[in-house]
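# Observations on the three-dimensional arrangement
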Amino acid sequence: MADTVSGYFVPAVILIAIITFIAYLILGNTVATAINAFVTILVVACPCSLGLATPLAIVVSEGVCANNGILVKKSEILENAEKTTTVVFDKTGTLTYGKLKIAKIINYSKMQEKELMQIVGSLEKKSTHPIGKAFEDYLNENKIETLDVKDFKDVSGYGIIGKIAENDVILGNSKILEKYDITNSHKQDEEKLAKEGNSIIYVVINNEISAIIGVNDIVRENSKEVISKLNKNKIETVMLTGDNTQTAEKIAKEIGITTVISNVTPREKTEVVKKLKTEGKYVMMCGDGINDSVSLVTANIGVSVSSGTDIARDSAQVVIINDNLERINDLLDISSKTVRNIKQNLFWAFFYNVCMIPIAAGILQPLGITLNPMIAAFSMTISSLTVVLNALRLRRK
């Protein structure tokens, strides 16, 4: 906006200065007097304050964000974040700590639990999903050695597959059973574990379901307060997760999110974000994993926590240091104050010019009030100083 206005403002001032110069000559003034008026107008209308109005407020706000643990990669984020109407959250690792623990193992196979978990843990150790860390911790706590894994593959949004000791192993949610045409005769056990707030892992060995494992996570301590404040400010909150519906709804209810979209693949997450945007909503997406990266880029503003994967942090325009979700509300607040400050700066820049240009042109000469270039330069400095001091008020955040 400032650039657009400057494009009209500068030619307009030059035109006013030329017209004033000619008018002075027509009215019988000397060339020296006409030149003095011409230069005074150019000096007093120097658009320094106009040029400082936006970037100075942005720079100060970026410093405020950095001091509050918010890394903003693009300056326009601070101008646009206040437009946010919908905040979409990933669940695991974002709304929860992602420090999962194995809560229950239902073993349908003839293997001993230790033997079963050795196979599962060996495959999960190669996964980048937070769930993999839970199994790695289980192996370490029980001093179980890992086995060699061949043909490992991450089936994004579904689970992982691999070959261990000539056994074909599939680990993942219920959707992976559908993908590989495996009959599920254990839905009641799944529902029971899900009601207890567990994320569900099916263990399939050689196309037979060998076990169901329930994995628990802990909700971030301030998630409820963050969501409450967003709702209070009439910002829609949405949970997007690949987890099962019952677990997702249980956590959403606990923290106050009313809209839950579960059992979604990374591609489906992106489609949901696109749909929200086509509905005219300004979308902020908060995630931490590889499967969130495309959604982070697709959203109007992508936010990642610092503990997220490298690709999530690279895809996001904002990174929250120390994983404190309260910084989302801080970002929206800083953005709102920044935009208001920019508008104030532009107002004072224009108000100054509207007042000073007519005086420089000599409108108050009949009253004995005139300006020369030296006083005009001093006045212009006062204008810039006003904008600088107003922008520095943002540091009080």
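All figures in this text were calculated on a predicted structure; none of them were measured in a lab. (Residues numbered from 1 in each chain as written. Predicted model: local features only at pLDDT ≥ 70, side-chain atom pairs only at ≥ 80, totals over all residues. Heavy atoms only, no water.)

### Observations regarding the packing of aromatic side chains
Enumeration according to the criterion identifies four aromatic pairs in this entry. Here Phe-21 and Phe-38 contribute two aromatic rings whose centre-to-centre distance is 6.1 Å and whose plane-to-plane angle is 70°, an arrangement assigned as edge-to-face. Residue Phe-21 is found in helix H1 (residues 2–26), and its partner Phe-38 is found in helix H2 (residues 31–44); the two are separated by 17 residues along the sequence. Phe-21 sits in the partly exposed class, given a relative accessible area of 24%. Looking at Phe-38, the relative accessible area reads 25%, which means it is partly exposed. Judged by centre distance (5.7 Å) and plane angle (20°), the ring pair of Phe-347 and Phe-351 falls under stacked. Taken together, the residues span about one helical turn, with Phe-347 and Phe-351 both in helix H15 (residues 326–361) at a distance of four residues. (Phe/Tyr/Trp six-rings, centres within 6.5 Å; stacked < 30°, edge-to-face > 60°. Helix = DSSP H or I, 4+ residues; strand = E, 2+ residues; numbered from the N terminus. Buried < 20%, exposed > 50% of the residue type's maximum accessible area, 1.4 Å probe, protein only.)

### Section: helix H9 (residues 187–195)
Note that an α-helix has 3.6 residues per turn; residues three or four places apart therefore point the same way. For H9, the complete set of buried residues consists of Glu-190, Leu-193 and Ala-194. For H9, the arc enclosing every buried residue in end-on projection is 100°, short of the 170-degree limit, so these residues lie on one face. Those residues of H9 that are exposed and angled more than 90 degrees off the buried face are Gln-188, Lys-192 and Lys-195. Those residues of H9 that are buried lie in contact with strand E3 (101–107), helix H8 (174–179), strand E7 (199–205), strand E8 (208–216) and helix H11 (245–255). Just past H9, the residue Gly-197 takes up positive phi, approximately 85°. (Arc of directions from axis to C-beta. Contact = heavy atoms within 4.5 Å.)

### With respect to the pairing of strand E11 (residues 283–287)
Side-chain positions along a regular strand alternate between the two faces of the sheet. In terms of residue burial, E11 counts as a mostly covered element, since five of its five residues are buried. Relative to E11, strand E2 (residues 86–90) is paired through four bridges, and the arrangement is parallel. Of the residues in E11, the one forming a bridge with Thr-86 is Val-283. Sheet topology note: the E11/strand E12 (residues 301–305) ladder contains four bridges and is parallel. From the neighbouring strand, Met-285 faces E12, where its bridge partner is Gly-302. At this point the chain moves from E11, through helix H13 (residues 293–298), to the parallel E12, and the crossover so formed is right-handed. (Pairing = 2+ DSSP bridges. Right-handed = clockwise from strand over helix to strand, strands pointing away.)

### Points about the pairing of E8
With seven of its nine residues buried, E8 lies for the most part within the structure. Looking at chain direction, E3 and E8 are connected through six bridges and run antiparallel. Within E8, the residue paired with Ile-105 across the bridge is Ile-213. With seven bridges connecting them, E7 and E8 associate as antiparallel partners. When the bridges of E8 are listed, Ile-201 appears paired with Ile-213.

### Focus on the packing of H2 against helix H16 (residues 373–392)
With their axes 8 Å apart at the nearest point, H2 and H16 run at an angle of 10° to one another. Taken together, the axes of H2 and H16 are roughly parallel relative to one another. Here H2 contributes Asn-36, Val-39, Thr-40, Val-43 and Val-44 to the contact with H16, which in turn contributes Pro-373, Ala-376, Ala-377, Ser-379 and Met-380. Looking at the contact of H2 with H16 residue by residue, the class counts come to seven nonpolar, three polar and no charged. (Axes fitted to C-alpha atoms, helices over the stretch in contact; angles between N-to-C directions. Parallel < 35°, antiparallel > 145°, perpendicular 65-115°, else oblique. Nonpolar A, V, L, I, M, F, W, Y, C, P; charged D, E, K, R; others polar.)

### Some remarks on the nonpolar core
A general tendency of soluble globular proteins is for nonpolar side chains to be buried together. Core analysis: the biggest nonpolar cluster contains 57 residues, and Phe-89, Met-284 and Leu-331 have the highest contact counts within it. Broken down by element, this core gets its largest block of residues, 12 residues, from H15. Those residues in contact with Leu-331 that sit more than four places away from it in its chain are Cys-65, Ile-70, Val-72, Leu-78, Ala-81, Met-284 and Val-318. Residues Phe-135, Leu-139, Val-149 and Val-169 belong to the second largest nonpolar core, which totals 25 residues. (Core = buried A, V, L, I, M, F, W, Y, C linked by side-chain atoms within 4.5 Å.)

Nothing here speaks to function; it is geometry throughout.
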